[in-house]
Amino acid sequence: MSSDAQDKPVIEAAGSNEPAAVASSEAQAPAAFAREAGASYRQGGQCRVIVDSCADFAPEVAQALGVEVISFPFVMDDGEHSDDLWKSMSPHDFYERMRKGERVTTSAVTTGHYVDVFERAAASGVPAVYLSLTRGLSSSVDVARQAAQLVMDEHPGSKIYVVDNLCPSAAAELLAIEAVRQVGNGLNAEELVEWVEEAHYYVQGYFTLESFDSLARGGRIPPAAAQVGGKLDIKPELSYDLNGALTLRGMCRGRKKALRAILADFKANYLGEDNSHGDSHLPIGIVSADAEKDACWLADQIRKEPGCRDIPIIFSSVSPVIGAHVGPGMVAVVFWGKDRRENLSFTDRIARKVRGNR
């Protein structure tokens, strides 16, 4: 989102045809689903939910949920920063610095930082579940598991579960919102872990990038491929696989075709009017890296789809840690939809069964 978007509502009013910037007063505070989920979660006390900043939360949503957010570090020319959900820097300022050539690097959260967080959880006496950035993108989940074990060894009887969310960026935000609601509905820590390990397969996400430059700098594609893509105005459509790693869906000639490809995948995988499970309250997320115009265009198109007029849409900005690897201009749609395992080939399904995965 651009810098002037920070003071705008991040949740579009249900039933509104207007983008977030001009939605009705109903959208001036976090949506009812987030407030209600957070209130019942805080009253329940059966489980403490911990998340991290790589879930690309809209700040108001994270605050409404009442969960602890672990800040990931990133480094710019002026030194190390902590991802504080855009308190210290606006999304526009961050991505403008990248556009002007400043390189952003990232690193895993230290064991000591995780230990500090988990010590607080252990001291509360309430079992904790940390929904971690997927191992498909970062080794931080392994560090978190080591830290959790250290704390549990130091505090016998404490329970700290570290779960790979398997869905990056704002897809993890949707997972966290519903996880908090489920705790409010009575799930304990062990049950929440089991719920997450099944539910994350139903969170879909599709996105495109403005350029391949950041992927090339991070070593994810050859620099020559990035140069060719830029000259030919090639825009990728990407998603993530069952392990949380990025996957290429296709290549499009031009930005508009890439956005339409995202919309086509949304139509193919969102339950919409075919939703027979009573989950019409589940929000849709649109996240961008200072690409508000395209984010609003996608929202307008989604509102026209069957069953989507009254669904809350959460607008958020790609966090600095994710943004360092995708660059300015990324835009994505995330939503609850069909089981992603349905797209596996039968040989891959056999392989997962052999490995003991559902």
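Residues numbered from 1 in each chain as written. Predicted model: local features only at pLDDT ≥ 70, side-chain atom pairs only at ≥ 80, totals over all residues. Heavy atoms only, no water.

Participant: Give me the lowdown on the pattern of salt bridges, citing residues and values where you can.
Facilitator: What the rule picks out here adds up to 16 salt bridges. Residue Arg341 pairs with Glu198 through a salt bridge whose shortest N-O separation is 2.6 Å. Of this pair, Arg341 sits in the loop between strand S14 (331–336) and helix H13 (346–354) while Glu198 sits in helix H7 (residues 189–199), and the two are 143 residues apart along the sequence. Residue classification places Glu198 among the partly exposed residues on the basis of a relative accessible area of 24%. Each of Glu210, Lys235, Arg255 and Asp294 takes part in a single network of salt bridges with overlapping partners. (Salt bridge = Lys/Arg side-chain N within 4 Å of Asp/Glu carboxyl O. Helix = DSSP H or I, 4+ residues; strand = E, 2+ residues; numbered from the N terminus. Buried < 20%, exposed > 50% of the residue type's maximum accessible area, 1.4 Å probe, protein only.)

Participant: Pulling in residues and values, what's your account of unusual backbone geometry?
Facilitator: Most of the time, phi is negative for any residue but glycine, and the peptide bond is trans. Within the chain, Ser169 stands out as a residue other than glycine whose phi angle is a positive 55°. One non-glycine residue with positive phi stands out, namely Asp290, at about 60°. Along the chain, Asp290 falls in the loop between strand S12 (284–288) and helix H11 (292–303).

Participant: Describe in detail helix H4 (residues 111–124), supporting the description with residues and values.
Facilitator: Taking 1.5 Å per residue as the helical rise, H4 with its 14 residues ought to reach 20 Å, and the 20 Å between its terminal C-alpha atoms agrees with that figure. What H4 keeps buried is the set Tyr114, Val115, Val117, Phe118, Ala121 and Ala122. Within H4, the buried residues cover an arc of 165° as seen down the axis, which keeps them to one side. Packing partners of the buried residues in H4 comprise strand S2 (48–52), strand S3 (68–70), strand S7 (128–132), helix H5 (140–154) and strand S8 (160–164). One or two residues past the end of H4 sits Gly125, with phi positive at roughly 80°. (Expected span 1.5 Å × (residues − 1). Arc of directions from axis to C-beta. Contact = heavy atoms within 4.5 Å.)

Participant: Pulling in residues and values, what's your account of the sheet that holds strand S5 (residues 79–82)?
Facilitator: With antiparallel pairing, the three strands of this open sheet are ordered in space as S5-S4-S6. Bordering the open sheet on either side are S5 and strand S6 (105–106), each of which pairs with just one other strand. Here two bridges tie strand S4 (residues 73–76) to S6, and the two strands are oriented antiparallel to one another. The residue of S6 that forms the bridge with Val75 is Thr105. (Pairing = 2+ DSSP bridges.)

Participant: Quick rundown of the side chain of Asp164? Include the residues and the values.
Facilitator: Along the chain, Asp164 falls in strand S8. One buried charged residue, Asp164, forms no salt bridge at all, with the nearest opposite charge on Arg145 at 5.4 Å. Among the polar contacts listed, one links the side chain of Asp164 to the backbone nitrogen of Arg135, at a separation of 3.0 Å. Of note is the side chain of Asp164, whose polar atom sits 2.8 Å from the backbone nitrogen of Leu166. Apart from the residues lying within four places of it in its own chain, the contact partners of Asp164 are Ser132, Thr134, Arg135, Val141, Arg145 and His200. (Lys, Arg positive; Asp, Glu negative; His and termini not counted. Polar contact = N/O pair within 3.5 Å; in protein donor to acceptor, adjacent residues only side chain to side chain.)

Bear in mind that shape data such as this cannot, by itself, settle questions of function.
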